[in-house]
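Descriptive structure summary
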Amino acid sequence: MRWSGVADDEFAAFFDRDFDRLVGFFCKSGFDREIARDAAAETMTELLRQWSEVTAPKAWVRTVGSRIASRLVMEGPRSVQAAIVGCRSTTDRADDQPHAVVEEQDVVAELLRQLPDVQRVVMAWRLDGFDPAEIAAITESSPTTVRSNLRHARERMKQLRDAQEAEQTPDTTTPRRRTQ
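Just so it is clear, the structure is predicted and the values come from calculations on it, not from any experiment. (Residues numbered from 1 in each chain as written. Predicted model: local features only at pLDDT ≥ 70, side-chain atom pairs only at ≥ 80, totals over all residues. Heavy atoms only, no water.)

The interhelical angle for the contact between helix α6 (residues 117–127) and helix α7 (residues 132–139), taken along N-to-C directions, is 130°, at an axis separation of 10 Å. In terms of axis orientation, α6 runs oblique to α7. Seen from above, α6 lies across α7 with right-handed handedness. Of the residues in α7, those touching α6 at Val121, Val122, Trp125 and Arg126 are Ile135, Ile138 and Thr139. (Axes fitted to C-alpha atoms, helices over the stretch in contact; angles between N-to-C directions. Helix = DSSP H or I, 4+ residues; strand = E, 2+ residues; numbered from the N terminus. Parallel < 35°, antiparallel > 145°, perpendicular 65-115°, else oblique. Left-handed = near helix turned anticlockwise from the far one by under 90°. Contact = heavy atoms within 4.5 Å.)

Structure, rendered in structure tokens:
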């Protein structure tokens, strides 16, 4: 396929802007980092082939990529590392405090992993900037159902976060015993 320089530039700009975000989306959807990176690479390759026909590339790569990531999981782990590597999303980089951003993303990814599948998927789409109507169209559900799943996901994530914080807070209600 022969492209114009404009199409090449548009795809290159999209790739540069969205590849890491796509990896982060797959991690938020519950896939480990290795699968997420492989799925993102395969998805971007497919997007390049179909670039002139795709009208909404941001949604397209997440929809097609989710199917690819699921297929990669079904094929089984290719290595021990695939089974043990945690998700370290790089979707939203911050130059001033990169470690804090990665740590926060890890916390969010861990909370998302604990949600039921439907809630995790809609929350991952929402965190990637899609509104409930767009998510409904992509997931073939109603906007009301999406909003309900988002509400339940937020409530559950808050409960999980509160429980984590309670576990990390030392118990100061029991008085210490004096030693003589």
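After presenting the structure, the write-up continues.
Another aspect to go through is the side chain of Asn149. Position of Asn149 relative to the elements: it lies in helix α8 (residues 143–168). In contact with Asn149, not counting residues within four places along its chain, are Val118, Gln119 and Val122.

Inspection of the secondary structure puts Asp128 in the loop between α6 and α7. Asp128 gets classed as buried once you look at its relative accessible area, which sits at 8%. Here Arg62 takes part through its side chain, which lies 2.2 Å from a polar atom of the side chain of Asp128. Excluding its chain neighbours within four sequence positions, the residues that come into contact with Asp128 are Arg21, Phe25, Lys28, Lys58 and Arg62. (Buried < 20%, exposed > 50% of the residue type's maximum accessible area, 1.4 Å probe, protein only. Polar contact = N/O pair within 3.5 Å; in protein donor to acceptor, adjacent residues only side chain to side chain.)

Moving on, we come to the environment of Leu22. For Leu22, the location among the structural elements is in helix α1 (residues 5–28). A relative accessible area of 0% means that Leu22 is categorised as buried. Considered as a pair, Leu22 and Arg62 are 40 residues apart in the sequence and their alpha carbons are 6.9 Å apart. Once you skip the residues sitting within four places of it in the chain, Leu22 turns out to touch Ala40, Thr43, Met44, Val61 and Arg62.

Our next topic: the environment of Trp51. Counting through the fold element by element, Trp51 comes out in the loop between α2 (33–50) and α3 (57–74). With 44 residues separating them along the chain, Trp51 and Ala7 place their C-alpha atoms 8.0 Å apart.

Let us now look at unusual backbone geometry. Positive phi, normally seen in glycine, also occurs at Glu140, with a value near 55°. One can find Glu140 in the loop between α7 and α8. A residue is classified by how much of its surface remains accessible, and Glu140, at 75% relative accessible area, is exposed.

Once that is clear, we can look at the nonpolar core. Membership of the largest hydrophobic core comes to 40 residues, with the highest contact counts inside it found for Phe26, Met44, Leu47 and Val61. Contributing elements (two or more residues each) for this core: α1, α2, α3, α5 (98–113), α6, α7 and α8. Tallying contributions element by element places α1 first for this core, with 9 residues. Aside from chain neighbours lying at most four places away, what touches Phe26 is Phe31, Ala36, Ala39, Ala40, Val61, Arg62, Gly65 and Ser66. (Core = buried A, V, L, I, M, F, W, Y, C linked by side-chain atoms within 4.5 Å.)

This part takes up α2. Counted at 1.5 Å a residue, the expected span for α2 with its 18 residues is 26 Å, and the 25 Å between its end C-alpha atoms agrees. Backbone nitrogen of Glu34 and a side-chain oxygen of the N-cap are separated by 3.1 Å at the start of α2; the cap is Asp32. (Expected span 1.5 Å × (residues − 1).)

A few words now on the confidence of the model for the protein chain. Mean pLDDT over the protein chain: 78, with 74% of residues reaching 70 or higher. Predicted confidence is poor over residues 77–101, with pLDDT under 50, and the contacts of this stretch with residues over four places away or in other chains come to 42 contacts. (pLDDT = per-residue confidence, 0-100.)

Bringing the pattern of salt bridges into the picture now. In total, this model carries 10 salt bridges according to the counting rule given. Among the salt bridges present, the one from Arg49 reaches Glu46, with a minimum N-O distance of 2.8 Å. Of the two residues, Arg49 and Glu46 are both situated in helix α2; the distance of 3 residues between them amounts to about one turn of the helix. The class of Arg49 is exposed, set by a relative accessible area of 51%. With a relative accessible area of 23%, Glu46 lands in the partly exposed category. Two residues, Lys158 and Asp162, come together in a salt bridge whose shortest N-O distance is 2.9 Å. (Salt bridge = Lys/Arg side-chain N within 4 Å of Asp/Glu carboxyl O.)

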